[in-house]
Amino acid sequence: MSMSKEVAKSIEEFRAKVSEAAESIVFRVFPNKIIELTSLIESTNAEDSPYQISQAAASTDTTIYAPPSSAETNGPSSNKRKRNEDGSAAPAHLNETVNARYPELVHANKLISKLHETVKFECAQLSDSCDKVKLWVNLTMPKIEDGDNFGVQIQEEVLSELLRSQESAYNIRDAARQHHLARAKICSKLIKYPHVEDYTLALKEHDEKQFFFTRQNLIDIRNVYAVLTDILHKNIAKIRAPKGNNGVGLY
C-alpha cells in the first residue's frame, strides 16, 4: 500500500514550504535578530533607558495602601461567603479584600512588567523559529541505514542545539512568573510587618535585580541567536544533504 498521487503531491508541497520557511529563518531572521537585539542592548547603556538600574528608585513603590472601601467594591461588608443559587460558594473577585486577613495593598512595579513583556515576546519568537527549523532538519534526515552517517550526526547535533535553545527560551520566559511570586512574598511580609525596614529595602533590592536580569535576558537571547546562526551556517551543506551532494553550498 502507498500514498495516492494527490496525497504525495500535497506532502511534497508541505515539505517544500517547511524548507523555504526554515531557510528564510536561518539566513534572514536569525542574523537580523542578532543585529536587532545588539542594537537594543547597546541602547540600554543610555541613562534614560528603562533597563537602567537607576530606574528602580522611581518605579518601586513601597507604600502600603489602605484597602478599597468594601462598600464601594463589594457591597455591604459581610463575614459570610457569597453563595450561588445551588448553595455552592461563589468565586471571589480579583483583588477582593473582604475576606483577606491582611487587606492592605502594595502596587506591582509596572515598569518591570513592561520590560518582561518585551522579553516574553522575544522568547516566543525564538521558540517558534526553533520549532520551524527543527522540523526542517528532521525532514531532511535520510532513511536509517549503515555507512556514511557523518552528515546525520551533524544533523542530530544541530537538533540538540535547537532543543537547548528552545529550553533556554522557556526558562527565560518563566522569569516573569518567578519575579511576581518572589515579589509577592516580600510584599506580604511588608504588609504584615510594616515596621521592619529590611522588608522595604528587600523590595527595592529585588526590583533592582530585575532591571539587571531583564537586560541580561536580552543578552542571553541574542547569544542564543548568534550560536544558532553560527552552527547552522557552518554545517548548512550537511544539513541540506547529509548523505553527500557536496555541491550544495552555503549560498
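Overview of the structure. (Residues numbered from 1 in each chain as written. Predicted model: local features only at pLDDT ≥ 70, side-chain atom pairs only at ≥ 80, totals over all residues. Heavy atoms only, no water.)

1. Brief notes about the overall build of the chain
- Helix and strand content of the chain: 8 helices and 0 strands.
- Contacts in the chain between residues far apart in sequence, at least 24 positions, make up 76% of those at least 6 positions apart.
- Taken as a whole, the chain presents about 15700 Å² of accessible surface, with 54% of it coming from carbon and sulfur. (Helix = DSSP H or I, 4+ residues; strand = E, 2+ residues; numbered from the N terminus. Contact = heavy atoms within 4.5 Å. Areas by Shrake-Rupley, 256 points an atom, 1.4 Å probe, with all protein chains shown as cover.)

2. Quick notes on the side chain of E161
- Tracing the backbone through its elements, the reader meets E161 in helix α5 (residues 150-173).
- A polar contact of 2.6 Å, which involves the side chain of E161, links it to the side chain of R164.
- Excluding its chain neighbours within four sequence positions, the residues that come into contact with E161 are V227, L228 and I231. (Polar contact = N/O pair within 3.5 Å; in protein donor to acceptor, adjacent residues only side chain to side chain.)

3. Here's the deal with the packing of helix α1 (residues 5-43) against helix α7 (residues 197-234)
- α7 packs onto α1 with a crossing angle of 150° between their chain directions and a minimal axis gap of 9 Å. Of the possible angle classes, the one that applies to α1 and α7 is roughly antiparallel. Pair α1 / α7 crosses with left-handed handedness. Listed contacts from α7 to V26, F27, F30, P31, K33, I34, L37, T38, L40 and I41 of α1 are R215, L218, I219, I221, R222, Y225, A226, L228, T229, L232 and H233.
- Considering only residue class, the contact of α1 with α7 consists of 15 nonpolar, 3 polar and 3 charged. (Axes fitted to C-alpha atoms, helices over the stretch in contact; angles between N-to-C directions. Parallel < 35°, antiparallel > 145°, perpendicular 65-115°, else oblique. Left-handed = near helix turned anticlockwise from the far one by under 90°. Nonpolar A, V, L, I, M, F, W, Y, C, P; charged D, E, K, R; others polar.)

4. Re the packing of α5 against α7
- Remark: α5 packs on α7, axes separated minimally by 11 Å, with the N-to-C direction vectors making an angle of 170°. One element, α5, and the other, α7, form an angle in the roughly antiparallel class. Touching V158, E161, L162, S165, S168 and I172 of α5 are N217, D220, I221, V224, V227, L228, I231 and L232, all from α7.
- Within the contact of α5 with α7, the residues separate by chemical class into 9 nonpolar, 3 polar and 2 charged.

5. A few points about the pattern of salt bridges
- Tallied over the entire structure, the rule returns 11 salt bridges.
- Its salt-bridge partner being E161, residue R164 comes within 2.6 Å of it at the nearest N-O pair. Linking R164 with E161, this pair stays in helix α5, spanning 3 residues, or about one helical turn.
- The exposure class of R164 is partly exposed, given its relative accessible area of 39%.
- Because the salt bridges share partners, they merge into one network encompassing K33, E36 and E122. (Salt bridge = Lys/Arg side-chain N within 4 Å of Asp/Glu carboxyl O. Buried < 20%, exposed > 50% of the residue type's maximum accessible area, 1.4 Å probe, protein only.)

Note that every value here comes from positions in space, so none of it alone points to a role or purpose.
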